[in-house]
Amino acid sequence: MPRHVLAATRMDGREIAREERPAAPSLTMVAAYGDLHVCEYVTVSQGKSVGLYARDPGGTWDAVSPGTDAVTADEMRLWFELAHHYPGPDGADPSHPLGRAPQPGAVGRIDERRAIALVQEHIATGGLDYPAQGLVADRFAAGWSVYAPVDVDDSDPMAFLDMPVGRSVFMVGDTGRIKEVTSAIPPEQAAALFTAEETFVRRPPAEETFMNDLKAEFERLDARSGQPGAITDFTVVGAPPEDVTAARVTALTDEIARQLALCGPQQWERMVAAFSCAVSAETADLRFWQHERPVEARVPEQIALLVRRQRHLAAAMPAGPWLRLMVAVTKGPGGQAQVSTQYDYGDERLPDGQLLAPTHYRNDLAAYPRAEVPAWLRAYAGANGQRTASPHTASPHTAPPRSAPPRQEAPERPFVDSLVGWTTHVVADRQRITYGGDSLAWEEIEWVRYPVSRTKHQGFLFPSMHTHTYTFGVGRYGNSPESLGNLIWSKGGKRAEAPEAWLALVEFAQRVLEPQLLAEHLNLIRRGGSFTIGEMRVHRGGLTLRGVMEADWGSITDVEVADGLVWIHERGRQQAVRVSLGSANAVLLPRIVAAMAG
């Protein structure tokens, strides 16, 4: 029976040390081995099966992939490096596999005007509260950084107070992909991360990379020889054979299914994920079934990166890149899982809910030229790059064809429709929350709060009265509807029960919003950014409250929530520092501290 081989490796897969063991090591043993050799990755091999283990920025070791092949383990190592460690506090490293600019591809580089036009279209179609005129663009390795400049009066010493904090910046890749980031992240960090994402997705297979590097080395040595032309011909072998590519695509799909499975509730029985992708955009739907009840889940951006990489590899197959990928996992007896995969190449028109905007399919056809394009897709994307009317974009003066009348879908039923105050309702469904004339999509929301206060009115001639105030608020930093930040229900009585509408909104926020916001804030901290909760500044080094606290993560001993406050205890400090739960995102503080303090 093959022995188990432990190898401590660098992020590029180069081994630092290795040893053989007669039995499979436990996670604790793997972590100890990695710590001993001061590395971030350890592989455990038995024959052709390779298990990959990694340490996150907090120092915790876990299995990234319990068993796959060596090539897929390398893919997952680089993916974990991108998701958790890159670019690091010192910024981009040109010698890092992710520090190289991505290959230009079939489309080449887009120009400045095209980048700004894409952002303007993105702002218009998304209904974003962001100026569309006067945008400027700065070039970086993988595309353009597009933003609205801020004019500050240098003669006014207080003008900095009017500067927007955490304003959006749009990273536009050469493929047309747009990623919205906050200006709180240093520009060099944002550009390095975006470039690394594009490099990860679009890098060539290992064999092609090796041959290209070998050719470059031969050319360098040829130039140094002083006799140019000594090497007259060097042919780079093409892409790997079809069966090799198919095996890699299948193996990476299994890893995607394994990562998706971690996003669901405990003891789920069935999972279905559907991805609709083009080179510049994608949608993702993920659903689990637990005790025959469906549970919606969000696909993290890190897994979306894996899906983009899988699609790029699949594009080398004769069928070309798929338009939709469906992955289903069913748990069988004994915990065994059955994975089934379906690819949709667009033979039929895609469902309305998974059909992307025409511009994304035009970008995709340019990036991945196809010998045959379905007639519906050619018409929808627009002949010769010109956009044509569709059921979603047709002019109001254009009658739909009789053979295909527009589909009338039943509106989604809200899970909250409650009166707040005397005359106005708050309405919430899975897509957005609306109060009067103000509305926000859940995906736009950057902060949440839901404090509860209890007030006792001491009586003199009459008995005392008790009032419970339940507040729910969501919003974006900067321009945001004020009414949605302060929805208030009041109930009298010493033992008043919370309003059902408030409970439903809080439950939705805890289940859907908080995990997303927590991940985004932790990612921002680990990449060198900072933000404030109340008057508390949260950053990579710890917590800072000017004039009161300057605590690194290791000195924080406890965080508790009580009496409408978050109490933060620091080693050596007698009194805890308090942050009101009425502050935006204060509910995230305990978990932020737990994650950063280990």
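We now turn to the structure provided with this report. On a predicted model such as this, the values are computed, not experimentally measured, just so you know.

Conventions and cut-offs
Residues numbered from 1 in each chain as written. Predicted model: local features only at pLDDT ≥ 70, side-chain atom pairs only at ≥ 80, totals over all residues. Heavy atoms only, no water. Pairing = 2+ DSSP bridges. Helix = DSSP H or I, 4+ residues; strand = E, 2+ residues; numbered from the N terminus. Axes fitted to C-alpha atoms, helices over the stretch in contact; angles between N-to-C directions. Buried < 20%, exposed > 50% of the residue type's maximum accessible area, 1.4 Å probe, protein only. Contact = heavy atoms within 4.5 Å. Arc of directions from axis to C-beta. 1 Å grid on protein atoms, 1.4 Å probe; cavity = no way out; pocket = protein on both sides within 12 Å on 5 of 7 lines; lining within 4 Å. Points joined across faces, edges and corners; volume = space filled by probe spheres on them. Nonpolar A, V, L, I, M, F, W, Y, C, P; charged D, E, K, R; others polar. Parallel < 35°, antiparallel > 145°, perpendicular 65-115°, else oblique. Left-handed = near helix turned anticlockwise from the far one by under 90°.

## Looking at the sheet that holds strand S4 (residues 49-55)
As a general point, the strands of a sheet are linked pairwise by backbone hydrogen bonds and lie either parallel or antiparallel.
Then, number 1: Taken in spatial order, the five strands line up as S2-S1-S3-S4-S5 in an open sheet, and their pairing is antiparallel. Of all strands in the sheet, those with a lone pairing partner are strand S2 (15-21) and strand S5 (61-68), marking the two edges. Averaged over all pairs of adjacent strands, the angle between strand axes in this sheet comes to 20°, irrespective of strand direction.

## Some points on the side chain of Thr-253
Then, number 1: Mapping Thr-253 onto the fold places it in helix H6 (residues 242-261).
Then, number 2: With relative accessibility at 2%, the residue Thr-253 sits in the buried group.
Then, number 3: If we skip the residues at most four places from it in the chain, Thr-253 touches Gln-310, Val-327, Thr-341 and Tyr-343.

## Let's talk about helix H11 (residues 589-597)
Then, number 1: Residues Leu-589, Ile-592, Val-593 and Met-596 constitute the buried set of H11. Each buried residue of H11 lies within a common arc of 95° when the element is viewed along its axis, so the set occupies one face.

## Concerning empty space enclosed by the protein
Then, number 1: Taken as a whole and judged by the stated rule, the model has one cavity of 30 Å³ or more.
Then, number 2: Roughly 150 Å³ of internal volume is contained in the largest cavity.
Then, number 3: Lining the largest cavity are 13 residues, and of these Val-201, Ala-278, Val-279, Arg-308 and Tyr-368 sit closest to its centre.
Then, number 4: Elements with a contribution of two residues or more to the lining of the largest cavity: helix H4 (187-202), strand S10 (270-278) and helix H7 (301-314).
Then, number 5: Broken down by class, the residue content of the lining of the largest cavity amounts to five nonpolar, two polar and six charged.

## A short note on the packing of helix H2 (residues 70-84) against H6
Describing two packed helices takes the angle between their axes plus the distance from one axis to the other.
Then, number 1: In contact at an axis separation of 10 Å, H2 and H6 are set at 45° when each is read in the N-to-C sense. What the angle tells us is that H2 and H6 run oblique. H2 and H6 meet at a crossing whose hand is right-handed. Contact with H2, carried on its side by Val-71, Thr-72, Glu-75, Met-76 and Trp-79, involves Arg-248, Ala-251, Leu-252, Glu-255 and Gln-259 of H6 and no other residues of that element.
Then, number 2: In the contact of H2 with H6, the residues fall into five nonpolar, two polar and three charged.

## What to know about the packing of H4 against H7
Then, number 1: Packing of H4 against H7 brings their axes to within 8 Å, and their N-to-C directions diverge by 40°. In terms of orientation, H4 lies oblique with respect to H7. Contact residues: Glu-197, Phe-200, Val-201 and Arg-202 in H4; Leu-305, Leu-306, Arg-308, Arg-309 and His-312 in H7.

## Structural notes on unusual backbone geometry
Then, number 1: A cis amide bond, omega 5°, links Tyr-86 with the succeeding residue Pro-87.
Then, number 2: As for its placement among the helices and strands, Pro-87 is situated in the loop between H2 and helix H3 (112-126).
Then, number 3: Of note, the phi angle at Gln-267 is positive, near 60°, even though the residue is not glycine.
Then, number 4: Topologically, Gln-267 is positioned in the loop between H6 and S10.
Then, number 5: Of the residues examined, Gln-267 reaches a relative accessible area of 61% and is grouped as exposed.
Then, number 6: Phi at His-291 takes a positive value of approximately 55°, unusual for a residue other than glycine.
Then, number 7: Mapped onto the secondary structure, His-291 falls in the loop between strand S11 (281-290) and strand S12 (293-297).

## Quick look at the pairing of strand S16 (residues 424-428)
Then, number 1: Pairing of strand S15 (residues 416-420) with S16 involves five bridges; the strand directions are antiparallel. By the bridge assignment for S16, Asp-417 is matched with Val-427.
Then, number 2: Summarising the sheet, S16 and strand S17 (residues 432-435) pair through three bridges and their orientation is antiparallel. Opposite Val-426, over in S17, you have Tyr-435 as the bridge partner.
Then, number 3: Between S16 and S17, which pair antiparallel one after the other, the connecting turn spans three residues.

## Notes on the sheet that holds strand S7 (residues 143-147)
Then, number 1: Spatially, S6-S7-S8-S9 is the arrangement adopted by the four strands of the open sheet, whose pairing is antiparallel. Pairing within the sheet leaves two strands with one partner each, and these edge strands are strand S6 (136-140) and strand S9 (178-182). On average, each strand axis in the sheet is tilted by 25° relative to the strand beside it, whichever way the strands run.
Then, number 2: Pairing of S7 with strand S8 (residues 168-173) involves four bridges; the strand directions are antiparallel. Opposite Trp-144, over in S8, you have Val-172 as the bridge partner.

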